[in-house]
Amino acid sequence: MHVFDFYDHTASNYPKASLLSYPVLEAGSEEEKAESARTSAFVGAIAIGDLVKSTLGPKGMDKVLLSSVPGRESSIQVTNDGATILRSIGVDNPVAKILVDLSKVQDDEVGDGTTSVTVLASELLREAEHLIAMKMHPQTIIRGWRLAAKTAVDVLTSVAEDHGGDEDQFRNICQQQILTTVTFNLSKDLMNIARTTLSSKILTQHKEHFSKLAVEAVLRLKGSGNLDAIHLIKKLGGNLVDSYLDEGFLLDKTIGVHQPKRIENARILIANTPMDTDKIKVFGSRVRVDSTAKVAELEEAEKIKMKEKVEAILKHNINCFINRQLIYNYPEQLFADAGVMAIEHADFEGVERLALVTGGEIVSTFTHPDQVKLGTCKCIEEVIIGEDRLIRFSGVSLGEACTIVLRGATQQILDEADRSLHDALCVLTQTIKETRVVYGGGCSEMLMANAVSELAAKTPGKEAIAIESFAKALRQLPTIISDNAGYDSADLITRLRAAHSKKERTAGLDMINATIGDMKAIGITESYQVKRQIVISAAEAAEMVLRVDNIIRATPRSFFVTINLVLMYYPPMLHSHLEISSVYLFPAYSNNV
């Protein structure tokens, strides 16, 4: 007779936890695991790379970015700048957003190479997709990539040429006008780098003209690297080649009515203060009067108050007043009577830059004139560019300040010229700080790829396959450049590899003649700092994406939950502004009050 033990509580009699389905994430959340997460990551990264790679190189194509806001006129941008393209598009894939942020960081860090860093990162992940399909573990790939990236950077450093010599001597070129052999070579490098940077932009047809403008403007900085001293102004009309460098600061504003149009030895007070209180503006209040005479009394009181403010400003012993905000008719008349030039509504960026170049401070109170630092310049005058009137500040205290005036037929051309010239100025500034240069045209990429391939041949184990994949990704950059030009990339790249195997270390792609040329002789030069940052940033971003094995999307927060949280922090302000009843709409909040 078999006896059953109904109280047998051994673990074997309970169902295993792994066989049960317990909800862990909140309802509405989504989770992608393992292969599904990696596939989503690879698809997003490769799609971003394919989007911008057609803009790479001197023969790259442009993109038209159309953004429309309901109730407003659609805005159009025509550009081949990688950072601008990625910044303007909306992406939902999380890994795609990582590459978008990567291009922004590259733009902020060195100012150029935004397309190259995005394309290299996407090509690395394209290679990783093949390796994952071969059942290679992501950590094995990462170990190989780290070795490859270190070797690539070491080779790039070894082939970089430095014509900086005595940096102090170079930075004083503009003052002394003396060119030694060293400073001449570095000045030549700057021109070559400017030409190379602009060759893939809209300014390529006039790259000689704009290269001179950019180099002259950067040399005026005397090594400070302060790009805020270089002001770019866009004016419709004329041709791109009509753009010029003005040795002064131009403010795109006009001088007030009945005020002096020219002032010498200017003493400038820069302010951010309301100058429109000659009209009654008491928001949220109700004023009751029993006659129009009382209204006149209020207006007269406001005028007296404004007159006292203008008198306080004039006590600073100035002959020019520049305000961030509007200056209404009455205070403008008071300034005109005192013979003071008044400039109103200067945009915030313009005021900040003006304070920098004139050596003044932005003030908002005027009770202590002795504690205010005024800006100075030798001459302020009104000039005409095209059909517009601007104000020129000559002989400013910051002597390196200058303005580049861009002319063009359409606003889209001006905007793209502005972005292109800004990239060139950023790269030149980096070159002043880090004077080493490398050769472009795929020359540096091929040198790094060959060195990485040699490392792969010496490395045992699966890491060698990952190292070789890094070399393939590097070779894709010159391949894409030649494809974008409509040339036979297979023929050009094999010839380029053959040239480098013969120790022709300066061989690269000559995109004008569709052949292999000597980059040193042609003058295709790039900043070492920009190229180094491309390799490091792309490798780090690709490694971070490769480490992903889970993508979790949180539950979208509902509208009422969001409003409840906001009202918990700002209940009085929001209740009075929205004029809503928290008891009716937000009972959870009402119970807590």
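Placed above this text is the structure.
Bear in mind that the values here come from a model prediction, so they are computed numbers and not experimental data.

The rules we used
- Residues numbered from 1 in each chain as written.
- Predicted model: local features only at pLDDT ≥ 70, side-chain atom pairs only at ≥ 80, totals over all residues.
- Heavy atoms only, no water.
- Helix = DSSP H or I, 4+ residues; strand = E, 2+ residues; numbered from the N terminus.
- Buried < 20%, exposed > 50% of the residue type's maximum accessible area, 1.4 Å probe, protein only.
- Contact = heavy atoms within 4.5 Å.
- Areas by Shrake-Rupley, 256 points an atom, 1.4 Å probe, with all protein chains shown as cover.
- Expected span 1.5 Å × (residues − 1).
- Arc of directions from axis to C-beta.
- Polar contact = N/O pair within 3.5 Å; in protein donor to acceptor, adjacent residues only side chain to side chain.
- Pairing = 2+ DSSP bridges.
- Core = buried A, V, L, I, M, F, W, Y, C linked by side-chain atoms within 4.5 Å.
- Phe/Tyr/Trp six-rings, centres within 6.5 Å; stacked < 30°, edge-to-face > 60°.
- Lys NZ or Arg CZ within 6 Å of the ring centre and 35° of its normal.
- Axes fitted to C-alpha atoms, helices over the stretch in contact; angles between N-to-C directions.
- Parallel < 35°, antiparallel > 145°, perpendicular 65-115°, else oblique.
- Left-handed = near helix turned anticlockwise from the far one by under 90°.
- Nonpolar A, V, L, I, M, F, W, Y, C, P; charged D, E, K, R; others polar.
- Patch = residues over 30% accessible without salt bridge, like charges linked within 9 Å, V, L, I, M, F, W, Y side chains within 5 Å.
- Salt bridge = Lys/Arg side-chain N within 4 Å of Asp/Glu carboxyl O.

Enquirer: Help me get a handle on the overall build of the protein chain, residues and values and all.
Expert: The secondary structure content of the protein chain amounts to 22 helices and 19 strands. Within the protein chain, the proportion of its 593 residues that are buried is 47%. Look at the contacts in the protein chain between residues 6 or more apart in sequence, and 72% of them connect residues 24 or more apart. For the protein chain, the exposed surface amounts to about 30,900 Å²; the carbon and sulfur share of it is 52%.

Enquirer: Lay out helix H3 (residues 94-109) in plain terms, naming residues and giving numbers.
Expert: Helix length check: H3 (16 residues) gives 23 Å between terminal C-alpha atoms against 22 Å at 1.5 Å per residue, within 8%. Of all the positions in H3, only Val 95, Ala 96, Leu 99, Val 100, Leu 102, Ser 103, Gln 106 and Asp 107 are classed as buried. Considered in projection along H3, the buried side chains sweep an arc of 155° and stay on one side of the axis. Turning to H3, the residues buried within the fold contact helix H1 (34-52), helix H2 (82-88), helix H4 (114-133), helix H13 (411-433) and helix H18 (528-546). Sitting at the head of H3, Asn 93 places a side-chain oxygen 2.9 Å from the backbone nitrogen of Val 95. Two residues or fewer after H3 comes Gly 111, characterised by a positive phi angle close to 90°.

Enquirer: Just give me the short version of the environment of Val 159, but keep the residues and values in it.
Expert: Structurally, the position occupied by Val 159 is in helix H5 (residues 138-159). Along the sequence, Val 159 and Val 437 sit 278 residues apart, while their C-alpha atoms lie 8.8 Å from each other. In this structure Val 159 touches Leu 447 and Arg 505, once residues within four positions along its chain are discounted.

Enquirer: Quick one: what's the story with the side chain of Ser 537, residue by residue and with numbers?
Expert: In this fold, Ser 537 is placed in helix H18. Those residues in contact with Ser 537 that lie beyond four places of it in its chain are Leu 102, Gln 106 and Val 117.

Enquirer: Residue-level account of the pairing of strand E14 (residues 402-408), with values.
Expert: Counting buried residues in E14 gives seven out of seven residues, a clear majority hidden from the surface. Direction of pairing for strand E5 (residues 230-236) relative to E14: parallel, over a ladder of seven bridges. Across the sheet, the residue bridging to Ile 230 is Cys 402, located in E14. Strand direction decides the pairing type here: strand E6 (residues 244-246) and E14, joined by three bridges, are antiparallel. Bridge pairing in E14 places Asp 246 opposite Thr 403.

Enquirer: Mind laying out the nonpolar core, listing which residues take part and the relevant values?
Expert: Counting residues in each nonpolar core, the largest one holds 122 residues, and the members touching the most others are Trp 145, Ile 268, Ile 380, Phe 393, Ile 404 and Phe 470. The element that contributes the greatest number of residues to this core is H18, accounting for ten residues. Counting 17 residues, the second largest nonpolar core, distinct from the first, contains Ala 271, Ile 313, Ile 318 and Phe 335.

Enquirer: Provide a residue-level description of the packing of aromatic side chains, including the pertinent values.
Expert: All told, the structure shown has two aromatic pairs when counted by the stated rule. Here the guanidinium or amino end of Lys 303 rests over the ring plane of Tyr 330, the centre of that ring lying 5.3 Å away.

Enquirer: Tell me what's going on with the sheet that holds strand E4 (residues 161-162), and back it up with residues and numbers.
Expert: Across a sheet, strands are paired by hydrogen bonds formed along the backbone, either parallel or antiparallel in direction. A sheet is described by the order of its strands in space; here three strands give the open sequence E4-E15-E18, paired in antiparallel fashion. The strands lining the two open edges of the sheet, one partner per strand, are E4 and strand E18 (525-527). Note that strand E15 (residues 436-439) and E18 share three bridges and pair antiparallel. Note that in E18 the partner of Tyr 439 across the bridge is Thr 525.

Enquirer: Summarise the packing of H4 against H18; cite the residues concerned and give the values.
Expert: It is the contact of H4 with H18, at a shortest axis distance of 8 Å, that shows an interaxial angle of 40°. As summarised for this structure, H4 and H18 are arranged oblique, according to the angle between their axes. The two elements H4 and H18 cross, and the hand of that crossing is right-handed. Across the interface between the two elements, Ser 116, Val 117, Leu 120, Ala 121, Leu 124, Leu 125, Ala 128 and Ile 132 from H4 touch Ile 534, Val 535, Ser 537, Ala 538, Ala 539, Ala 542, Val 545 and Leu 546 from H18. When its residues are assigned to classes, the contact of H4 with H18 shows 14 nonpolar, two polar and no charged.

Enquirer: Before we move on, could you go through a nonpolar patch on the surface and cite the residues and values that matter?
Expert: A contiguous nonpolar patch, built from Val 64, Leu 66 and Ile 76 and spanning about 310 Å² of accessible area, is present on the exposed surface. Within the fold, Leu 66 resides in strand E2 (residues 63-67). On the basis of relative accessibility, which here comes to 60%, the residue Leu 66 falls in the exposed class.

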